[in-house]
Amino acid sequence: MQEYVIEMNNIRKEFPGIVANDNITLQVKKGEIHALLGENGAGKSTLMNVLFGLYQPEKGEIKVKGKEVKITDPNVANRLGIGMVHQHFMLVHNFTVTENIILGSEPTKGGKINIEDAAKKVSELSQRYGLSVDPHAKIEDISVGMQQRVEILKTLYRGAEILIFDEPTAVLTPQEIKELIQIMEKLVQEGKSIILITHKLKEIMEVCDRCTVIRKGKGIGTVNVSETNPDELAALMVGREVHFKVEKQQATPKDVVLEIDQLVVHDARDIPSVNGLDLNVRAGEILGIAGVDGNGQTELIEGITGLRKVKSGSIKINGKDVTNLPARKITETGLGHIPQDRHKHGLVLDYSIGANMVLQTYYQKPFSKSGILNYGKIYEKARKLIEEYDVRTPSEFTPARALSGGNQQKAIIAREVDRSPDLLIAAQPTRGLDVGAIEFIHSKLIEERDNGKAVLLISFELEEVMNVSDRIAVIYEGRIVDIVDPKETSEQELGLLMAGGKREREGVL
Amino acid sequence: MQNLLKNERLFNILVPVISAILGMLAGAIIMVLGNYDPVAGFEALFSGMFGTPKAIGETIRAASPLILSGLAVGFAFKTGLFNIGVEGQLLVGWLASVWVGYAFELPAVLHVTLSILAAAVAGGLWGMIPGYLKAKFKVHEVIVTIMLNYVALYVTADLIKRYLYAGNEKSYRIHESASLSSPFLSQITEGSRLHWGIMIALIAAVIMWFILEKTATGYELKSVGYNQHASMYAGMNVSKNVILSMTISGAFAGMAGAMEGLGTFQNMTVLSSFTGTGFDGIAVALLGANNAFGIILSSLLFGGLNTAAPQMNFDANVPSELIKIIIALIIFFVASGYIIRVIAARFSKEGK
Ligand SMILES: Nc1ncnc2c1ncn2[C@@H]1O[C@H](COP(=O)(O)OP(=O)(O)OP(=O)(O)O)[C@@H](O)[C@H]1O
Ligand SMILES: [Mg+2]
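Residues numbered from 1 in each chain as written. Chains lettered and ligands numbered in written order. Predicted model: local features only at pLDDT ≥ 70, side-chain atom pairs only at ≥ 80, totals over all residues. Heavy atoms only, no water.

For chain B, an unreviewed UniProt entry supplies the name ABC transporter permease and the organism Mesobacillus zeae. The record in UniProt for chain B states the following under Subcellular location (unreviewed entry): "Cell membrane". (UniProt positions renumbered as here; feature names shortened; annotations may be inferred.)

Looking at an unreviewed UniProt entry, one finds chain A named ABC transporter ATP-binding protein and attributed to Mesobacillus zeae. According to the UniProt record, the Sequence similarities (unreviewed entry) comment for chain A is "Belongs to the ABC transporter superfamily."

Printed below as a string of structure tokens:
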């Protein structure tokens, strides 16, 4: 019989109004990478939070290395050798890497915290697993990918044998994903076991040994990855067949909606990130922006949406100059924005999901009349959107914080698309969504396009850009360096352009 | 118990209630340790709080400014700001109400209203300063409000001495037409100093609830408090909202001053130290969970405890300082509400 390092048997976990885990069983073998797959809100994070001691299950038993245990809090989990890298990081931003790693288990020497020893240990661990993390860097100064490695180091520092990764690749760029996969492979070589939550079937096929599928809180089963394929996995998790590629007609672009001329936007360090950028997006087309992270995408979006001051150049929406107007004015001109960071910009987590549905429109009729809110109308709207966009939530009164990551994203998309703005900016719109939801969102974007709206799509995922866009603009060092037709290009060519290379045929702009 | 834990709302109510009871119990233990008779002590305390019509009147009177300063703290807090400057805002409000009450001669209703408004405006402006500094220069409101407390203390004292001094460290008295005092209320409570201020305080509580829960402005204010980035994204003007919140908070605090100026004292004393009412507002808001209704209840409790302290001393010989300890303990228990939660969770597991 096979030794399991982790056995979670018949776990049940309830939240008000919902059974998040209903009799789920998950068994992880030593030294394997075990995928946990399921739709948004299926209960994956919940199950892992149970294993990590953040939630107490109502029913079921947990065995670690064959021994039954009660994991009452994360400290117990740490002691049992279980570490978790959360879907949303938990780091103190103005602390250094080392400070964050030792937080909660500070090594002391004569009553004083011994940072130097800790830093040495951190840097040793970092080398051993190929993480290349600078132990003295401040969290706020390092990239998201690096922050994630800090989270990994944190678990290793505490002696984790079993690592839980909750959607680690959702926030990473393709390059970072490759590196993370190497790190994970290294970890299992060193005898660690990994539970990996991801919505990207490709990743499961690539690195995982086995995969447990859950659907709507119930366990569906565990399959050997070598004996399955993405289609089967998708069908298992959604309960129906999924089309990975959306059908769409030829675009019929009309008037220019977004017109950007010689735009310059500086980043937080006052360095020009967008540097003389020109771009037009027409009604009835989806323009995808492809580029390596950090080439000015964030600043471009923030400049257009009024979240960041533009240094020079101009932005016009429907012919109206909106350069440096207040965000509200721009929104009212006809802008919708699915933000890159759903927790920072997209939602007020402490508001109900209903209240979040009117984040830009609360002061307008019918939600508000002479300054008085009409909650009846607000919740009515929310119910409609929840229904239409299949946001899985117990009710419209549930705090946004309590929704699963993917359902938070769906709520934001519902809000932005429903306003049917003339210009819709979608930044990483499908980040953290399951394959079924991605299919749905893509078809929504195309629907908007067919209704004569302009859509600007920014995504690090080339596949998404290529599938959905009608034109692809390549951004490099703050400029659009080329515009290509997705039907006539390849991932290779795009990759080359994104790295600053040139195309053979010039001047197709 | 497990169900109870799930029910956040119920728990938010239970923590303060349990804290108040624990605070009282701890007070009893201290009495025993200090060789006082806790039974007699609490008998005297309760009778001093609500044993006679007069005691009830005094409790309510003491609660009125507490409610308003609690609302001031609670309002700011709900919008993500920490207003430690309620004391200073209260002082300028007090002075403004007395000034208008003394310097003008107007028909009664108009005069009271105007005096109260003056207090609200003065307190509001005093609160607006830290709001502005925070919005424009990112100066933390806690530091500015603490400093402004001292400025208010000395400036009001100086202004009284210069322009309103009646001798004996007191300002001139306000005209009858500006007074909130009520022979009728005094009479039905058998001679307490109860005045109409409680009505103002209750109306203010309704206003706070209404602004925060029912208006688009409140939606914005809270949103900015919860998440500035998302608020900016949604097109809200974060600076404007920070300033507005501190101004409204200051206006409540200023009206707390009017309770003293137009109600209890009819003048203002040249103060050499803080009244403490503004700081008690923090405790009141904390115990009342920053909720308008909760603030009313906790103000009544603290107001009652404060007014009954002398009687406890007189009847049962327990030093009145004990009340301060009890209040401090209640605050301690509320603040450690987390501990109470954990204990309750343990109970629930064993209970099953
Ligand atoms: N703290 C909570 N309070 C109430 N309900 C919650 C809480 N956490 C999760 N839920 C609910 O439990 C269900 C499962 O959520 P969970 O976060 O486990 O989903 P998930 O599988 O991780 O989804 P995703 O892929 O979107 O991250 C959801 O319906 C969610 O609304
Ligand atoms: Mg999740």
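After presenting the structure, the write-up continues.
Draft legend 1. Highlighting the domain arrangement of chain A. Residue and element names in this part refer to chain A. Split into domains, chain A comes out as domain 1 (4–238), domain 2 (246–334 + 421–508) and domain 3 (342–420). On a C-alpha basis, the centres of domain 1 and domain 2 stand 34 Å from each other. Taken residue by residue, the interface counts 15 residues in domain 1 and 11 residues in domain 2. Note on domain 1 versus domain 2: buried area summed over both sides is about 930 Å², and carbon and sulfur give 58% of it. It is N40, T173 and H199 that lose the most area in domain 1 upon contact with domain 2, and together they represent 37% of the buried surface on that side. Applying the counting criterion to the domain 1 and domain 2 interface returns two salt bridges. Between E461 and K200 there is a salt bridge whose closest N-O contact spans 3.8 Å. (Domains from an automatic or database assignment. Contact = heavy atoms within 4.5 Å. Buried area = accessible area lost by both parts, 1.4 Å probe. Salt bridge = Lys/Arg side-chain N within 4 Å of Asp/Glu carboxyl O.)

Draft legend 2. Summary view of the packing of helix α4 (residues 53–78) of chain B against helix α12 (residues 238–264) of chain B. Residues and elements named next belong to chain B. In the contact formed by α4 and α12, the axes pass within 7 Å of each other and the chain directions differ by 170°. By the angle between their axes, α4 is roughly antiparallel relative to α12. Residue-level inspection shows R61, S64, P65, L68, S69, L71, A72, V73, F75 and A76 of α4 in contact with α12, the latter providing S245, I248, S249, F252, A253, M255, A256, M259, E260 and T264. Taken together, the residues that form the contact of α4 with α12 break down as 13 nonpolar, five polar and two charged. (Axes fitted to C-alpha atoms, helices over the stretch in contact; angles between N-to-C directions. Helix = DSSP H or I, 4+ residues; strand = E, 2+ residues; numbered from the N terminus. Parallel < 35°, antiparallel > 145°, perpendicular 65-115°, else oblique. Nonpolar A, V, L, I, M, F, W, Y, C, P; charged D, E, K, R; others polar.)

Draft legend 3. Structural context of the site of ligand 1. Residue and element names in this part refer to chain A. Around ligand 1 sit 21 residues, and of these G41, S45, T46, S404 and G406 come closest. At 2.8 Å from an oxygen atom of ligand 1 is found a main-chain nitrogen or oxygen belonging to G41. Contact between ligand 1 and Y55: a nitrogen atom at 3.4 Å from a side-chain N or O atom of the residue. Alone, ligand 1 offers 640 Å² of accessible surface; in the complex the protein occludes 89% of this. Listed by contribution, the elements that provide at least two residues to the shell around ligand 1 are β2 (18–29), α1 (44–51) and α14 (405–418). (Near = heavy atom within 4 Å. Polar contact = N/O pair within 3.5 Å; in protein donor to acceptor, adjacent residues only side chain to side chain. Areas by Shrake-Rupley, 256 points an atom, 1.4 Å probe, with all protein chains shown as cover.)

Draft legend 4. Molecular detail of the environment of A77(A). Residues and elements named next belong to chain A. Relative to the assigned elements, A77 resides in helix α2 (residues 74–79). Judged by relative accessible area, A77 falls into the buried class, the value being 0%. In contact with A77, not counting residues within four places along its chain, are L51, F52, I71 and I82. (Buried < 20%, exposed > 50% of the residue type's maximum accessible area, 1.4 Å probe, protein only.)

Draft legend 5. Broad picture of the interface of chain A and chain B. Contacts between the two partners involve 29 residues from chain A, matched on the other side by 21 residues from chain B. Put simply, chain A and chain B have one salt bridge between them. Ionic pairing is found between E220(B) and R328(A), a salt bridge with its closest N-O pair at 3.7 Å. For the pair chain A and chain B, the number of links is 16 residue pairs in polar contact (both at pLDDT 80 or more). Here the side of chain A that touches chain B gets four residues from one element, more than from any other, and that element is helix α11 (residues 342–346) of chain A.

Draft legend 6. How the structure looks around the packing of aromatic side chains. Evaluation of the coordinates by the stated rule reveals 20 aromatic pairs over all chains. Judged by centre distance (5.6 Å) and plane angle (80°), the ring pair of F274(B) and F279(B) falls under edge-to-face. Of the residues examined, F274(B) reaches a relative accessible area of 22% and is grouped as partly exposed. Each member of the aromatic cluster is reached from another via a ring pair, and the members are Y351(A), Y362(A), Y363(A), Y219(B) and Y226(B). Across the ring face of Y157(A), the terminal group of K121(A) is positioned such that the distance to the ring centre comes to 4.4 Å. (Phe/Tyr/Trp six-rings, centres within 6.5 Å; stacked < 30°, edge-to-face > 60°. Lys NZ or Arg CZ within 6 Å of the ring centre and 35° of its normal.)

Draft legend 7. Geometry of the sheet that holds strand β16 (residues 310–317) of chain A. Residue and element names in this part refer to chain A. If you trace the four strands from one edge of the open sheet to the other, you get β14-β13-β16-β17, paired in antiparallel fashion. Lying at the two open borders of the sheet, with one neighbouring strand each, are β14 (272–282) and β17 (320–321). In terms of strand pairing, strand β13 (residues 256–266) meets β14 through eight bridges, oriented antiparallel. When the bridges of β14 are listed, V256 appears paired with R282. The sheet contacts of helix α9 (residues 297–305) involve β13, β14 and β16, and relative to β13 the element is tilted by about 120°. (Pairing = 2+ DSSP bridges.)

Draft legend 8. Layout of the sheet that holds strand β24 (residues 479–484) of chain A. All names here are of chain A. In spatial order, the strands read β18-β21-β22-β15-β23-β24; together these six strands make up an open sheet with mixed pairing. The open sheet terminates on both sides in strands that have one partner only, identified here as β18 (335–338) and β24. Ignoring strand direction, the axes of neighbouring strands in this sheet form an average angle of 20°. In this structure, strand β23 (residues 471–476) lies alongside β24, joined through five bridges in antiparallel fashion. Along β24, the bridge assignment pairs I475 with I480.

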